[in-house]
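# What the coordinates show
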Amino acid sequence: MGWFQAAVLGLVQGLTEFLPISSSAHLRLVSAGLGWQDPGAAFTAVSQLGTEAAVLIYFRSDIASIVRAWTVSLYTPQRRRDPQARLGWYVIAGTIPIAVLGLTFQDTIETAFRDLRLIGTTLIVFGLVLAIADRLARNTKPLSELTLPHALGYGFAQALALIPGVSRSGGTISAGLALGYRREAAARYSFLLAIPAVLASGLLELTKIGDGEASPAWGPTILATVIAFVVGYAVIAWFLRYISTHSFVPFVIYRVALGALVIGLVSFDVLAPDAGMIN
């Protein structure tokens, strides 16, 4: 991977990680469309450390409050009813599904799940899921009303994002809307829930960077991660303001159009389903 390719992919990662359009799908599609080698699951996971750093800084006050309340609740039973302490436990519980499924299907995630036909299909299907969830959403519950069953529901929705094209934020926001939460509350919890999973995945995949000719080098990967951080921070601020007064319809239209384009290009042999992938 060259420096220019890394810069482009870092930009793509930062622009798409927090929008409900799937950053992993875009990294795969941009590489395939430009004739580049698939950056792979390792590069994707490590570059997400940049966007996750943006989450840690943007939500630093919320995160500090949650960690503090959760820690106190460990030895002070009466504090366990504190909404912030409960939120800490719910983030842990909601991380379990993606941790279990991620380890179970690790090889499939890095190979079969990156097929362009599957990505095109998931972009369309889960775009329509988001549209239905947004259309039927009651949009009333604040995050303080989150319960353990709902936290697990968010968690299983997040686990679906192991398939490129589903979208971590799109899946979890769809679940939140279906459960009656406000758009901004659903997005905020989606970002918080991603922290343990993304950090664990990124740190695990760090061991594969620079490991052989087929792996991305350290320099370009670091560049991509830094760019993803800067751009991702700006996108978080914009996205939370946007959804407080707008629906997800533009994202749904984009997903369906992009998915249809991908399937069309593969069907007419313009792109191979495994374009850029290492056999």
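Structure report, in brief. Given the structure is predicted, the values throughout are model-derived calculations rather than measurements.

This part takes up the overall build of the chain. Helix and strand counts for the chain stand at 12 helices and 0 strands. What you see in the chain, going N to C, is helices and strands ordered as α-α-α-α-α-α-α-α-α-α-α-α. Radius of gyration (C-alpha) of the chain: 18 Å, near the 19 Å computed for a compact globule of 279 residues. In terms of overall dimensions, the chain has a C-alpha envelope of 60 × 40 × 35 Å along the principal axes. Here the chain, with 279 residues, has 51% of them falling under the buried criterion. Considering only contacts within the chain whose residues lie at least 6 apart along the sequence, 78% involve residues at least 24 apart. In the form shown here, the chain has an accessible surface area of approximately 12,500 Å², with 68% of it arising from carbon and sulfur atoms. Side chains of the chain give 19 positive and 16 negative charges; the mean places of these two sets differ by 15 Å.

Looking now at the packing of helix α5 (residues 83–104) against helix α10 (residues 183–205). Two numbers describe how α5 lies on α10: the axes approach to 9 Å, and their chain directions differ by 60 degrees. Both α5 and α10 take part in a crossing whose hand is right-handed. From α5, Leu-87, Tyr-90, Val-91, Gly-94, Thr-95 and Ile-98 reach across to α10, where they touch Tyr-189, Leu-192, Leu-193, Pro-196 and Ala-197. For the contact of α5 with α10, the residue count by class is 9 nonpolar, 2 polar and no charged.

Relative to the helices and strands, Thr-172 resides in helix α9 (residues 168–178). Exposure remark for Thr-172: the relative accessible area of 0% places this residue in the buried category.

One pass over the full model with this rule turns up 14 aromatic pairs. Seen from their ring centres, Tyr-154 and Tyr-189 are 4.6 Å apart, and the 75 degrees between their planes marks the pair as edge-to-face. Of this pair, Tyr-154 sits in helix α8 (residues 148–159) while Tyr-189 sits in helix α10, and the two are 35 residues apart along the sequence. Like Tyr-189, Tyr-154 is buried.

Now for α8. Between its first and last C-alpha atoms α8 spans 16 Å; for 12 residues at 1.5 Å apiece the expected length is 16 Å, and the two agree. Against the buried residues of α8 lie α5, α9 and α10.

So, on to the layout of surface pockets. Where empty space is left in the structure can be found by rolling a water-sized probe over the atoms. Put simply, the largest pocket is a space of about 650 Å³. Ile-98, Ile-109, Leu-162, Arg-168 and Ser-201 are, among the 30 residues lining the largest pocket, the residues nearest its centre. Elements represented by at least two residues in the lining of the largest pocket include exactly α2 (23–33), α3 (40–58), α5, α6 (106–110), α9 and α10. Among the elements that make up the lining of the largest pocket, the one with the highest residue count is α10 (7 residues). When grouped by side-chain class, the residues that make up the lining of the largest pocket number 14 nonpolar, 11 polar and 5 charged.

What counts, and where the lines are drawn
Residues numbered from 1 in each chain as written. Predicted model: local features only at pLDDT ≥ 70, side-chain atom pairs only at ≥ 80, totals over all residues. Heavy atoms only, no water. Helix = DSSP H or I, 4+ residues; strand = E, 2+ residues; numbered from the N terminus. Rg over C-alpha atoms; globule rule 2.2 N^0.38 Å. Buried < 20%, exposed > 50% of the residue type's maximum accessible area, 1.4 Å probe, protein only. Contact = heavy atoms within 4.5 Å. Areas by Shrake-Rupley, 256 points an atom, 1.4 Å probe, with all protein chains shown as cover. Lys, Arg positive; Asp, Glu negative; His and termini not counted. Charge placed at Lys NZ, Arg CZ, Asp CG, Glu CD. Axes fitted to C-alpha atoms, helices over the stretch in contact; angles between N-to-C directions. Left-handed = near helix turned anticlockwise from the far one by under 90°. Nonpolar A, V, L, I, M, F, W, Y, C, P; charged D, E, K, R; others polar. Phe/Tyr/Trp six-rings, centres within 6.5 Å; stacked < 30°, edge-to-face > 60°. Expected span 1.5 Å × (residues − 1). 1 Å grid on protein atoms, 1.4 Å probe; cavity = no way out; pocket = protein on both sides within 12 Å on 5 of 7 lines; lining within 4 Å. Points joined across faces, edges and corners; volume = space filled by probe spheres on them.

Purely geometric numbers; function is a separate question.
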